Amino acid sequence: MEINSNVTRFLFDNHGVRGEIAQIYEPCKELLKNHNYEPSIKKLMLELVASSVLVADLMKKDDEVLIHIKGGKGDKAIDYAVVNINKDFSFYGSCIKRENNNYENATFKDLIGEGGVLIISIRSANNNMWQGVVPLEHDNISLSLEDYFEKSAQLPTKIYIYTDEEKECACGIMLQVVAAIENNKESLEHLSILTATLTQDEIVNLDTHKILSLLYAKEDTRVFEPHNVSFKCICSKERFENALMSLKQQDIKDLVDDGSATMICHHCNSQYTFTKDELLQILRKISQ
């Protein structure tokens, strides 16, 4: 049975805890294809996708969420990795490696480097921007996000991330207390013990309702409509044309002399070629 890629909210009627469960399959393959990522970086990107989707599901309906890892110092540290979740739960992202760094057998700590941070950016429907910085002091993203929610938002949270680098999929469960409900921390501890029994094989191969029934059979669980998750890059020939139009006239003339120009999207590696005639048209536009 094929399982759809989605994220689903659920609520415990008998506990002050809410949750999200994400299962992301084909969109992860789309994210990773055309990139020759080492296994360590592939795992990092899958963790980032699952974490980003879970965090985005906590936000308001029309918010856009960007989660960005900025690498620190180190000979195995990345430059940055980013996943952007649009309001329709489509996403894109990529990892930029540093030249001459060796990523074979790199650990999460190696990839983050000394002083690496995770940055959460939220853009609302009216274009207001909010940003939070999360120190990456643990061996994975989920533990750092748990610290962030408890210290910054005073909302104790548990996050479980599961990645399969061979199948190229990412799954996760987030539990978070509902503020102002008594005994919510005790409820979170109880439900976390149940959630920790979930295996990777189960979350990858069972659908959402079966997983929730398996984990919380004795709990009163209310499940909401899922949001479908997809991969959709923002690149287009028009966007690259706008980028070319920001160049100096001499730079465009040099490209005209070369006969054509090819630009590559670093998120999806799609190529966009501008012919000599198209470059001349751009040159005429910026000369006006």
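Higher on the page you've got the structure.
Keep in mind it's a predicted model, so treat the numbers as computed, not measured.

Colleague: What is the right way to read the overall build of the protein chain from this model?
Modeller: Secondary structure summary: the protein chain contains 10 helices and 14 strands in total. Dimensions along the principal axes, computed over C-alpha positions, put the protein chain at roughly 70 × 40 × 40 Å. The contacts in the protein chain between residues at least 6 apart in sequence include a share of 65% that link residues at least 24 apart. Carbon and sulfur atoms make up 47% of the accessible area of the protein chain, which amounts to about 14900 Å² in all. Taking the 31 positively charged and 44 negatively charged side chains of the protein chain as two groups, their mean positions are separated by 5 Å.

Colleague: Looking at this model, I keep getting lost on a negative patch on the surface. Mind explaining?
Modeller: A contiguous patch of negative charge, built from Asp251, Asp254, Asp257 and Asp258, is present on the exposed surface. Summarising the element assignment, Asp258 is placed in helix H9 (residues 249-258).

Colleague: When you look at the side chain of Lys76 in this model, what are you seeing that I'm missing?
Modeller: Among the structural elements, Lys76 can be located in the loop between strand E3 (64-70) and strand E4 (80-85). Of the buried charged residues, Lys76 lacks a salt bridge, with Asp110 as the closest side chain of opposite charge at 5.4 Å. Of note is the side chain of Lys76, whose polar atom sits 3.2 Å from the backbone oxygen of Asn102. Here Glu104 takes part through its backbone oxygen, which lies 3.1 Å from a polar atom of the side chain of Lys76. Residues in contact with Lys76, not counting those within four places in the same chain, are Asn101, Asn102, Tyr103, Glu104, Ala106, Asp110 and Leu111.

Colleague: Any chance you could explain the packing of H9 against helix H10 (residues 276-287) here in plain terms?
Modeller: Each pair of packed helices gets described by two things: the angle between the helix axes and the distance between those axes. One can describe the packing of H9 onto H10 by two numbers: an axis separation of 9 Å at closest approach and a directional angle of 165°. Of the possible angle classes, the one that applies to H9 and H10 is roughly antiparallel. Along this stretch, H9 crosses H10, giving a crossing that reads as left-handed. Residues Gln249, Ile252, Lys253, Leu255 and Val256 of H9 lie in contact with H10, whose contacting residues are Lys276, Leu279, Leu280, Ile282, Leu283, Ile286 and Ser287. Grouping the amino acids of the contact of H9 with H10 by side-chain chemistry returns eight nonpolar, two polar and two charged.

Conventions used here
- Residues numbered from 1 in each chain as written.
- Predicted model: local features only at pLDDT ≥ 70, side-chain atom pairs only at ≥ 80, totals over all residues.
- Heavy atoms only, no water.
- Helix = DSSP H or I, 4+ residues; strand = E, 2+ residues; numbered from the N terminus.
- Contact = heavy atoms within 4.5 Å.
- Areas by Shrake-Rupley, 256 points an atom, 1.4 Å probe, with all protein chains shown as cover.
- Lys, Arg positive; Asp, Glu negative; His and termini not counted.
- Charge placed at Lys NZ, Arg CZ, Asp CG, Glu CD.
- Patch = residues over 30% accessible without salt bridge, like charges linked within 9 Å, V, L, I, M, F, W, Y side chains within 5 Å.
- Salt bridge = Lys/Arg side-chain N within 4 Å of Asp/Glu carboxyl O.
- Buried < 20%, exposed > 50% of the residue type's maximum accessible area, 1.4 Å probe, protein only.
- Polar contact = N/O pair within 3.5 Å; in protein donor to acceptor, adjacent residues only side chain to side chain.
- Axes fitted to C-alpha atoms, helices over the stretch in contact; angles between N-to-C directions.
- Parallel < 35°, antiparallel > 145°, perpendicular 65-115°, else oblique.
- Left-handed = near helix turned anticlockwise from the far one by under 90°.
- Nonpolar A, V, L, I, M, F, W, Y, C, P; charged D, E, K, R; others polar.

Keep in mind that these numbers describe shape and distance, not what the molecule does.
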